[in-house]
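Chain and residue survey
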Amino acid sequence: MRKSTLTGILLLYMLCLYGQNTKQLESHNKINQLCDKTSEVKITGQLVNFDPLKDSGLILRYTISTPTFRRQIAGAFEIENDGSFEMGLQCFPYTEIWIALGDLYYGKLMVNDGIHLQFDLEVLKNQPVYHLGPGVAMQGKDAEISLFVNGYEDFKVESKKELQEEKLALILSQDLDKNDKVEEIRKINKKLASLEKKYVKKNGKALEWVLSNDRMASMYADILTVHWGKGMNQDLFAECTSFNPILTSNATVQYYDFLGFFLGVPNRLETKMITEKTLHNHLNEAYSSADLDIFLREFNKKTDFRRYDEDIYTVGKEYFLDPYKKELFRAKTAFHIKKMAQLPKNKSDYVMLVSQPQSLQERSVYLSEVNAAKFSNWAKHIGDEDMTRDLEWMDQINSEITERKASATVLAPLPDLENAFLSATEDIYALISGIRKRYENQPIIIDLWVPWMDRCKSDLINSKSLQLAIDTMSVKMVYLCSGIDVQREYWMESILDFPWEGEHIFLSEKLSADIMELLDLRTFPSYLFIDSTGYFDPYVIQNLDDFNLEDMRKEVREQAGI
């Protein structure tokens, strides 16, 4: 994998914010993941001085860390007329939950047995609180640990922020090799440990292990990051994999995630081995082994960053690589899962769950390989249940879209700009139905983007395959601009020099958040697809680097009956 690609992936992992809203299909709520690793936890609470009429717009949101490929699950508590709220969860041990009460409170819980929350709205409306402060009270078995972690969030904020920025800069540095980076990461870890000691000296050592868990999980995740696509010496790998997280926190899930990614990115030798074996096993009778070997020689040179024959590689890619993309994906997946299964049992199950692809097609292949491997039954059960729910969820989304009567009124044209509209609806399904109706019987790619991220435009400029699809197959492009932290005037200026043609639609902040939450989208740009039959699939195009023109052309031809 190219350094630039790895750097781009790293930036997405490090900087992506999982902004979530609460409007979602009931069948897609994945909080209750029943298995022998979870326990029932009840969260209760009371909004003091709550007025059901005056405070009807107040929403109490939660974001739960989960050791699955979703990493986080978001939703909202149902607030009763008397201001009380209650929710029972099947949680993994010591689960981190972030809570947001409108603009009045933001903090986190660490739940394992149960907790009762109390928010005094009269106090909070005068002075909103982050983490701890007047108007916020916690009671119950998990109150002590939750108060402890919130206190640390408020401790030496600027010092921790500076260390995090220093760490990110060195990880992304092109001037340091991986060994130097590991050394610097350890130094930053020691500085963070020093801050923790100052905090526990004032607040007691009984819960020091909570802070240590997240700090060590982050350190090992960072060490794994700087080795993506590279070798790691056995002693360091043994150290990274011997770490046993106690919490189910964002840091723990990131550790599992980055460990899975490290195992899933084959190095150059592994890439060559997998490709050669797979292509020889699926060699078309129209070509000889000698033909394939000629291509593989150039493929290996390119993989090793050596000079290669571009003509031979280009022709060979068309004949050997592109037709067997699915077979190569299965082979790489099997190799990935084999390495994960060799991890200690208490770790392999979690890494497997977090490493699942989001794409339903790819996840189906992944889980078929998982079910043939030696993972625990509880972990396989979670993967299979999630897959079943997601397939039902996709069918439900498409049914909702189909049931909406497509209307021209979902879009409000802007008189001063050609092909520019405001969404005149706050209904996700009505919007997608209207877009589908505008280009009936044609494939549509919906690009969800924001003007402040350069990658949203650069990805389009650099994707030759997508440009060919637009030119040769009448693929239509529709650009949905997220209204979260984006002013309409800024968007209007940004589309004046947009690199490609297509229709632009500006979304409200609410509709933007609803789309991100409903479709479990985590970053910009995100690409949604509607095929020529009108079927909506938000995961078929993961990113433009992986966009396959031949797959798209084949799908369009099959749907057209050609």
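Residues numbered from 1 in each chain as written. Predicted model: local features only at pLDDT ≥ 70, side-chain atom pairs only at ≥ 80, totals over all residues. Heavy atoms only, no water.

Now for the pattern of salt bridges. Here the idea is simple: oppositely charged side chains can pair when their charged atoms come close. If you walk through the whole model with that rule in mind, you get 27 salt bridges. Between Asp322 and Lys317 there is a salt bridge; the shortest N-O distance is 3.0 Å. Of the residues examined, Asp322 reaches a relative accessible area of 17% and is grouped as buried. Residue Lys317 is classed as partly exposed on the basis of its relative accessible area, which comes to 31%. Notably, a salt bridge pairs Asp514 with Lys510, separated by 3.0 Å at the nearest N-O pair. Taken together, the positions of Asp514 and Lys510, both in helix H20 (residues 509-518) and four residues apart, correspond to about one turn of that helix. On the basis of relative accessibility, which here comes to 2%, the residue Asp514 falls in the buried class. (Salt bridge = Lys/Arg side-chain N within 4 Å of Asp/Glu carboxyl O. Buried < 20%, exposed > 50% of the residue type's maximum accessible area, 1.4 Å probe, protein only. Helix = DSSP H or I, 4+ residues; strand = E, 2+ residues; numbered from the N terminus.)

Our focus in this paragraph is the packing of helix H6 (residues 208-225) against helix H8 (residues 250-264). At their nearest, the axes of H6 and H8 sit 8 Å apart, and the two run at 20° to each other. For the element pair H6 / H8, the angle class is roughly parallel. In terms of crossing hand, the pair formed by H6 and H8 is left-handed. Where H6 approaches H8, its residues Asn213, Asp214, Ala217, Ser218, Tyr220, Ala221, Leu224 and Thr225 are matched on the opposing element by Ala251, Thr252, Gln254, Tyr255, Phe258, Leu259 and Phe262. Split into classes, the residues belonging to the contact of H6 with H8 amount to nine nonpolar, five polar and one charged. (Axes fitted to C-alpha atoms, helices over the stretch in contact; angles between N-to-C directions. Parallel < 35°, antiparallel > 145°, perpendicular 65-115°, else oblique. Left-handed = near helix turned anticlockwise from the far one by under 90°. Contact = heavy atoms within 4.5 Å. Nonpolar A, V, L, I, M, F, W, Y, C, P; charged D, E, K, R; others polar.)

Let's shift gears to the sheet that holds strand S5 (residues 95-101). Sheet strands pair by backbone hydrogen bonding; their relative direction is either parallel or antiparallel. On the basis of which strands lie adjacent, the open sheet formed by five strands has the order S3-S2-S5-S6-S8 and mixed pairing. With partners counted over all chains shown, the strands left at the sheet margins are strand S3 (72-76) and strand S8 (129-130), one partner each. Looking at chain direction, strand S2 (residues 60-65) and S3 are connected through five bridges and run antiparallel. Residue pairing for S3: Thr63 is matched across the bridge by Ala74. Across the sheet, helix H3 (residues 143-153) touches S5 and strand S6 (105-111), and the angle it forms with S6 is around 135°. (Pairing = 2+ DSSP bridges.)

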